[in-house]
Amino acid sequence: MPATLAPYWRLFLAGIRQQSTYRLAMFGGLVANTTFGFLKVAMLLATVRAAGGEIQGYDIGEMSAYIWLSQGLLGSINLNGRTAFADRIKTGDIAIDFARPMNVQWGQVATEVGKSVYALLPRGLPSVAIGALVVGMTMPVTPLPYLLGVVSLLLGFVISATTAYALNTTGFWLVETRGVQVLYMVVSGFFAGLFVPISFFPGWLLAIAQATPFPSMMMFPIDIVSGRVTGSGAYALLGVQLLWLLVTAVLGHVLTLAGRRKVEIQGG
Amino acid sequence: MIIETDQLTREFKRRGKPKLVAVDHLDIRVEPGETVGYIGANGAGKSTTIKMLTGILVPTSGSVRTCGLDPLKQRRELARRVGVVFGQRSQLWWDLPTAESFTILGAIHHLGRTELTARRDELVEQLELGEFLSTPVRQLSLGQRMRAEVAAALLHSPQLIILDEPTIGLDVLSKQRLRDFLVAERRRHGTTLLLTTHDMGDIERLCERVLVVDHGRLAYDGSLAGLSRTVGAQRVLVVDLADGTRQRIPFDAEKVTAATVLAQASERAEVRDLSIEEPDIEDVVRRIYSAAR
Ligand SMILES: Nc1ncnc2c1ncn2[C@@H]1O[C@H](COP(=O)(O)OP(=O)(O)OP(=O)(O)O)[C@@H](O)[C@H]1O
Ligand SMILES: [Mg+2]
């Protein structure tokens, strides 16, 4: 590990370990995810049946796969826009971060991605397992979708972290960022494809969704890992994800530079 | 010169009120190896100064150089040379075992494995961290945490140590231990020390030089002895007598020892119990300021 990357690797591991100390919260999250999973099963599978067993290219097994994958990702994707970073700005603890010889943005993102990866164990995998056992789901039988899917999932985690980070840099200017977060929360889940696949949206709404980073966090990884999008289509989605990673990372970087000169570190 | 400020000023805008000048045209010079106490009443501008010295707050006007660097433009370079403790903020990872923080900070400061191990072992021994290295930070007592905070700030062997109220909330024994450590650390490594505190004991034990700031302006710059002389700071010997009364005997610590005063008191009456009150910093500062006018 080159010395320049070592801090971020350490912080990634710290994110994993930090998250692993909150077992009870994780379990609570899983229970909630599963409950809402069955709610989605009841509604979406009924819709598929009413449409004659297939709707927008989803049959029962594929719709079930979509439901449980999306529920499983809830522990790993930040759809409420709240991060530890927002609190650090608010309390002035950000002073600690700036007094370290490192890139503050990368440090925050590394920790958040660590938390996301860990959440797959107590929330992601059990959620998918419950779906597969109780409802049954159609998944690919070749390895490639899974391989690309892992890459896409990781990209989704990073984009979730860079976007939440960029959002929270508004705290450099606003003392209270809750309003911005609520706004974020209202659109994020919808555009990420949490409630229905975004391909169900009418054209104009789909266009709006695609102009945001949210599908790259959840919908695209699900499309790839479930084998709905394969071959060049899958690589194209990965390309779009990379683009959003770049856009949100650069945005966060620029806002950090500007905000750092502005911020009135709170507290003695 | 390790710290050099020139007309350093920081204002804060306030809604519906005139702006507040927290640091007001401050000129400070500190040479390598000095130990400087930076004292002043609540709100005098100490923390604000420290934030500008470390490049985390932008001055409104004036300039500052720390370790010969521009703290804003060379923030990361500076962070390798400075260790900071903000008494009421933690730089440790709350949910993780204490030792883990040192591993992460070692990576952040690009310390090699052997370098990190040697330094960490040194600090663990000196600050007696061994017994709680595997305890999560959130379960540490305040005293334990402060020792770990200091170790975290010194892990990369900085040239300059800045401590913003490092002994806040510590009991007498813990304060003593921390001061002893800082004295020894400085003797071993020749580190420059800048310290803010409201505890006169910290200053007496640690600082050769004292800067007093008041309303953002420098009110005194010189030795501690000189400071006491200037304000005639007095200790007070408090004695409880056998007849149940309590006497307060002020004395000048420069001229007479507490033992002598006690001996004289005992000649006159039977002393049951005693304590010594130190002049407190607020009092000293208040007198400095009224003397300056
Ligand atoms: N972020 C901020 N926004 C507005 N005013 C601030 C801010 N930070 C500090 N101040 C004001 O600047 C002045 C100096 O504050 P500072 O924290 O530097 O004092 P201090 O000397 O460290 O005091 P203490 O001994 O209480 O820690 C105070 O009047 C404080 O209210
Ligand atoms: Mg302060």
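Residues numbered from 1 in each chain as written. Chains lettered and ligands numbered in written order. Predicted model: local features only at pLDDT ≥ 70, side-chain atom pairs only at ≥ 80, totals over all residues. Heavy atoms only, no water.

- Under the annotation held in an unreviewed UniProt entry, chain B carries the name ATP-binding cassette domain-containing protein and is attributed to Metallococcus carri.
- Under the Subcellular location (unreviewed entry) heading, UniProt states for chain B: "Cell membrane". (UniProt positions renumbered as here; feature names shortened; annotations may be inferred.)

**Side note on the packing of aromatic side chains**
Residues and elements named next belong to chain A.
Link 1 in the chain: Using the criterion set out here, one finds 12 aromatic pairs over all chains in the structure.
Link 2 in the chain: Relative to Phe200, the ring of Tyr58 lies with its centre 5.7 Å away and its plane at 75 degrees, an arrangement referred to as edge-to-face. A residue pair is termed long-range when its members are at least 10 positions apart, and Tyr58 in the loop between α2 (23–50) and α3 (60–73) and Phe200 in the loop between α8 (178–192) and α9 (203–210) qualify at 142 residues.
Link 3 in the chain: By relative accessible area, Phe200 is classed as partly exposed at 21%. (Phe/Tyr/Trp six-rings, centres within 6.5 Å; stacked < 30°, edge-to-face > 60°. Helix = DSSP H or I, 4+ residues; strand = E, 2+ residues; numbered from the N terminus. Buried < 20%, exposed > 50% of the residue type's maximum accessible area, 1.4 Å probe, protein only.)

**As for the environment of Ile56(B)**
Link 1 in the chain: Note on placement: Ile56(B) falls in the loop between α1 (46–53) and β4 (61–66).
Link 2 in the chain: With 19 residues separating them along the chain, Ile56(B) and Arg75(B) place their C-alpha atoms 8.1 Å apart.
Link 3 in the chain: Once residues lying within four places of it in the same chain are set aside, the contact partners of Ile56(B) are Ala95(A), Phe98(A), Ala99(A), Ile265(A), Lys51(B) and Phe86(B). (Contact = heavy atoms within 4.5 Å.)

**What to know about the sheet that holds strand β5 (residues 82–86) of chain B**
Residues and elements named next belong to chain B.
Link 1 in the chain: Read across the sheet, 6 strands follow the order β5-β6-β7-β3-β8-β9 without closing on themselves; strand pairing throughout is mixed. The two strands at the open ends of the sheet, each matched to only one other strand, are β5 and β9 (217–223). For this sheet, the mean inter-axis angle between neighbouring strands, taken without regard to orientation, is 15 degrees.
Link 2 in the chain: Pairing of strand β6 (residues 160–164) with strand β7 (residues 192–196), which is carried by 5 bridges, proceeds in the parallel orientation. Pairing of Asp164 across the sheet is with Thr196, part of β7. (Pairing = 2+ DSSP bridges. Axes fitted to C-alpha atoms, helices over the stretch in contact; angles between N-to-C directions.)

**Digging into the interface of chain A and chain B**
The extent of an interface is frequently quoted as the accessible surface area lost upon association of the parts.
Link 1 in the chain: Taken residue by residue, the interface counts 33 residues in chain A and 33 residues in chain B.
Link 2 in the chain: A combined buried area of about 3,100 Å² lies between chain A and chain B, and 56% of that area is made up of carbon and sulfur atoms.
Link 3 in the chain: There are 2 salt bridges connecting chain A and chain B.
Link 4 in the chain: Glu100(B) is paired through a salt bridge with Arg17(A); the nearest N and O atoms lie 2.8 Å apart.
Link 5 in the chain: Broken down by secondary-structure element, the contributors of at least two residues to the side of chain A that touches chain B are α1 (6–20), α5 (94–98) and α12 (231–262) of chain A.
Link 6 in the chain: When residues of the side of chain A that touches chain B are assigned to their parent elements, the largest contribution, 8 residues, is made by α1(A).
Link 7 in the chain: Its residues assigned to classes, the side of chain A that touches chain B comprises 16 nonpolar, 9 polar and 8 charged. (Buried area = accessible area lost by both parts, 1.4 Å probe. Salt bridge = Lys/Arg side-chain N within 4 Å of Asp/Glu carboxyl O. Nonpolar A, V, L, I, M, F, W, Y, C, P; charged D, E, K, R; others polar.)

**Observations regarding a nonpolar patch on the surface**
Link 1 in the chain: Judged by side-chain polarity, Met1(A), Leu5(A), Trp9(A) and Trp106(A) come together as a nonpolar surface patch covering roughly 470 Å² of accessible area.
Link 2 in the chain: Note on Leu5(A): relative accessible area 42%, which makes it partly exposed. (Patch = residues over 30% accessible without salt bridge, like charges linked within 9 Å, V, L, I, M, F, W, Y side chains within 5 Å. Areas by Shrake-Rupley, 256 points an atom, 1.4 Å probe, with all protein chains shown as cover.)

**Focus on helix α5 (residues 142–154) of chain B**
Link 1 in the chain: Between its first and last C-alpha, α5(B) extends 18 Å over 13 residues, near the 18 Å set by a 1.5 Å rise per residue.
Link 2 in the chain: All of the buried residues in α5(B) are Gly143(B), Gln144(B), Arg145(B), Met146(B), Arg147(B), Ala148(B), Glu149(B), Val150(B), Ala151(B), Ala152(B), Ala153(B) and Leu154(B). (Expected span 1.5 Å × (residues − 1).)

**As for the site of ligand 1**
Link 1 in the chain: Near ligand 1 you find 15 residues, and of these Gly43(B), Lys46(B), Ser47(B), Thr48(B) and His198(B) are the closest.
Link 2 in the chain: Each of chains A and B places residues next to ligand 1.
Link 3 in the chain: A distance of 2.7 Å is found between an oxygen atom of ligand 1 and a side-chain nitrogen or oxygen belonging to Lys46(B).
Link 4 in the chain: Residue Ser47(B) places a side-chain N or O atom 2.8 Å away from an oxygen atom belonging to ligand 1.
Link 5 in the chain: When the free accessible area of ligand 1 is taken as 640 Å², the share hidden by the protein chains comes to 76%.
Link 6 in the chain: Residue assignment for the shell around ligand 1 shows that the elements contributing at least two residues are β2 (17–30) and α1 of chain B. (Near = heavy atom within 4 Å. Polar contact = N/O pair within 3.5 Å; in protein donor to acceptor, adjacent residues only side chain to side chain.)

**Some words on the pattern of salt bridges**
Residue and element names in this part refer to chain B.
Link 1 in the chain: Taken as a whole and assessed by the stated rule, the structure comprises 28 salt bridges over all chains.
Link 2 in the chain: In this structure, Arg120 engages Asp121 in a salt bridge whose closest nitrogen and oxygen atoms are separated by 4.0 Å.
Link 3 in the chain: Of the residues examined, Asp121 reaches a relative accessible area of 41% and is grouped as partly exposed.
Link 4 in the chain: Salt bridges sharing common partners tie together Arg119, Glu122, Glu185 and Arg188.

**Examining the sheet that holds β4(B)**
Residue and element names in this part refer to chain B.
Link 1 in the chain: In space, the 3 strands of this open sheet follow the order β2-β1-β4, with antiparallel pairing throughout. Edge positions in the sheet fall to β2 and β4, since each of these pairs with one other strand and no more. Direction aside, neighbouring strands of the sheet carry axes that sit 30 degrees apart on average.
Link 2 in the chain: Pairing geometry for strand β1 (residues 3–14) and β4, over 5 bridges, is antiparallel. Residue pairing in the sheet places Thr5 in a bridge with Val64 of β4.
Link 3 in the chain: Strands in contact with α1 are β1, β2 and β4; relative to β1, the strand with the most contacts, it is inclined by about 120 degrees.

**Observations concerning unusual backbone geometry**
Most peptide bonds take the trans configuration, and most residues that are not glycine carry a negative phi.
Residues and elements named next belong to chain B.
Link 1 in the chain: For Gln7, which is not a glycine, the phi torsion comes out positive at approximately 55 degrees.
Link 2 in the chain: Position of Gln7 among the secondary structure elements: in strand β1.
Link 3 in the chain: On the basis of relative accessibility, which here comes to 34%, the residue Gln7 falls in the partly exposed class.
Link 4 in the chain: The phi angle at His215 is positive, at roughly 50 degrees, despite the residue not being glycine.
Link 5 in the chain: Within the secondary structure, His215 sits in the loop between β8 (209–214) and β9.

**Some details on the nonpolar core**
Link 1 in the chain: One finds Met63(A) and Leu227(B) to be the most contacted residues of the largest nonpolar core, which totals 138 residues.
Link 2 in the chain: With 8 residues, the top contributor of residues to this core is helix α7 (residues 144–168) of chain A.
Link 3 in the chain: The residues contacting Met63(A), other than those within four sequence positions of it, are Leu44(A), Leu45(A), Val48(A), Ile55(A), Tyr58(A) and Phe200(A). (Core = buried A, V, L, I, M, F, W, Y, C linked by side-chain atoms within 4.5 Å.)

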